Amino acid sequence: LLAKALQLDPQSGEAMVLRGAVLVDDAAESERIMREGLVLAPSHSRGYEMLAGLLGQDPERVDEAMTLLDQAIALDPLVPRNHQMKGILLWQSGGDLMAAAKGPVLVLTSTFPARPGDGTPGFVLSLAEELARTRPVTVVAPRTAGSVTRERIGSVDVVRFRYFPRRWEGLA
């Protein structure tokens, strides 16, 4: 199919990037073909991610792979795969994941204490407190009996939503 796509449109950067990623056994040739495809399709976010995946296999080229992932994220910031790959590369290279993460964090959970010591496991609160040491954190959790709609626990903002009539809100 790739050969047919390139035969029909030899200037298809997306097809060229994919050809470089899947059909070439030589890493240098694969990189060359993928870069050529990205010249033809400079807004192909997935292409930057695929090239980063190739380069990230070489410990000496992790920084270059990270730059490519930053380009992919800039083009399409809502693709989780790009952020996941960036985290994996950071972890594999011994980088500081917390220092590299930017911006606020939104934690969505189905389990969160209404108050300290209420018997609800506090692992999500512990995680949120750790994250809040370096960035703003908001936790969105279901409302429970005795909880307020909005509160601040330490440096963590907590927003609780209603999901049933008040008398049945203990189901979560």
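On a predicted model such as this, the values are computed, not experimentally measured, just so you know.

(A) Main features of the packing of helix α4 (residues 45-55) against helix α5 (residues 62-75). Relative to each other, α4 and α5 sit at 165°, their axes nearing to 8 Å. On the basis of the axis angle, α4 is roughly antiparallel to α5. Crossing handedness for the pair α4 and α5: left-handed. When α4 is examined against α5, the residues S45, Y48, E49, L51, A52 and L55 are found in contact with a partner set consisting of E64, A65, L68, L69, Q71, A72 and L75. Partitioned by chemical class, the residues of the contact of α4 with α5 number 9 nonpolar, 2 polar and 2 charged.

(B) Quick peek at the side chain of S30. Structurally, S30 is set in helix α3 (residues 27-40). Note on S30: relative accessible area 3%, which makes it buried. Looking at S30, its side chain comes within polar contact range of the main-chain oxygen of G20, at 2.2 Å.

(C) Highlighting the side chain of K86. Structurally, K86 is set in helix α6 (residues 80-92). Judged by relative accessible area, which is 15%, K86 ranks as buried.

(D) Representation of the sheet that holds strand β1 (residues 105-108). Spatially, β1-β2-β4-β3 is the arrangement adopted by the 4 strands of the open sheet, whose pairing is mixed. Looking at the sheet topology across the chains shown, the edges are occupied by β1 and β3 (150-153). Neighbouring strand axes in the sheet, compared pairwise and without regard to direction, differ in orientation by 25° on average. Note: β3 against strand β4 (residues 156-161), 4 bridges, orientation antiparallel. For I153, the partnering residue across the bridge sits in β4 and is V156. Across the sheet, helix α8 (residues 123-131) is in contact with β1, β2 (137-142), β3 and β4; its angle to β2 comes to roughly 165°.

(E) A look at the packing of α5 against α6. At a closest axis distance of 10 Å, the pairing of α5 and α6 adopts a crossing angle of 160°. When the axis of α5 is compared with that of α6, the two are roughly antiparallel. Between α5 and α6 lies a crossing of left-handed hand. Of α6, the residues touching α5 (which contributes V62, A65, M66, L69, D70, A72 and I73) are N82, H83, M85, K86, L89 and L90. Taken together, the residues that form the contact of α5 with α6 break down as 9 nonpolar, 2 polar and 2 charged.

Cut-offs used in this document
Residues numbered from 1 in each chain as written. Predicted model: local features only at pLDDT ≥ 70, side-chain atom pairs only at ≥ 80, totals over all residues. Heavy atoms only, no water. Axes fitted to C-alpha atoms, helices over the stretch in contact; angles between N-to-C directions. Helix = DSSP H or I, 4+ residues; strand = E, 2+ residues; numbered from the N terminus. Parallel < 35°, antiparallel > 145°, perpendicular 65-115°, else oblique. Left-handed = near helix turned anticlockwise from the far one by under 90°. Contact = heavy atoms within 4.5 Å. Nonpolar A, V, L, I, M, F, W, Y, C, P; charged D, E, K, R; others polar. Buried < 20%, exposed > 50% of the residue type's maximum accessible area, 1.4 Å probe, protein only. Polar contact = N/O pair within 3.5 Å; in protein donor to acceptor, adjacent residues only side chain to side chain. Pairing = 2+ DSSP bridges.

Scope: geometric values only; no functional claims are made or implied.
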